[in-house]
Amino acid sequence: MHKRSVKALQQALLKSPQWNRALLSGEAESFEALIRRDKLNPRQTHRLRKLAFLPPDIMERIIAGDIPKPLTLERLKKDFPMDWEAQRSHFGLSQAPH
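Rules and cut-offs
Residues numbered from 1 in each chain as written. Predicted model: local features only at pLDDT ≥ 70, side-chain atom pairs only at ≥ 80, totals over all residues. Heavy atoms only, no water. Helix = DSSP H or I, 4+ residues; strand = E, 2+ residues; numbered from the N terminus. Contact = heavy atoms within 4.5 Å. Salt bridge = Lys/Arg side-chain N within 4 Å of Asp/Glu carboxyl O. Buried < 20%, exposed > 50% of the residue type's maximum accessible area, 1.4 Å probe, protein only.

1. Quick look at the environment of Pro81
Line of reasoning, step 1. Along the polypeptide, Pro81 turns up in the loop between α5 (73–77) and α6 (84–90).
Line of reasoning, step 2. In sequence terms Pro81 and Leu54 are 27 residues apart; their C-alpha atoms lie 9.5 Å from each other.
Line of reasoning, step 3. If we ignore the near neighbours within four places in the chain, the residues touching Pro81 are Ala86, Gln87 and His90.

Right under this line is the structure:
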């Protein structure tokens, strides 16, 4: 994976929980308000906010730069299951490391 793609994926992964916390805490009244406030790309932001729901082991690998080939930013922008085991299967990854 290209260095820019890795960095974009890591940044999106770090931002998505921040967006969700802003919504849950009331800091942002809606996702649209958050998009306006932070001058975000609406389409991309909506697609990336679900990254906050990846399993911790996958998040840790991405942040560490150990990104499995199936985890491209484009693939993560598409719909994927919310269940962690189903996500691992969807992305062709084995179960969480022990």
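After presenting the structure, the write-up continues.
2. Here we look at the pattern of salt bridges
Line of reasoning, step 1. By the definition in use, this model includes six salt bridges.
Line of reasoning, step 2. A salt bridge links Asp57 to Arg88, with the nearest nitrogen and oxygen atoms 2.4 Å apart. With Asp57 in helix α4 (residues 56–63) and Arg88 in helix α6, this residue pair connects regions lying 31 residues apart in the sequence. Residues Asp57 and Arg88 agree in their burial class; the two are buried.
Line of reasoning, step 3. With a shortest N-O distance of 3.2 Å, Arg61 and Asp66 are connected by a salt bridge.
Line of reasoning, step 4. Taking the relative accessible area as the measure of exposure, Asp66 reaches 41% and is therefore partly exposed.

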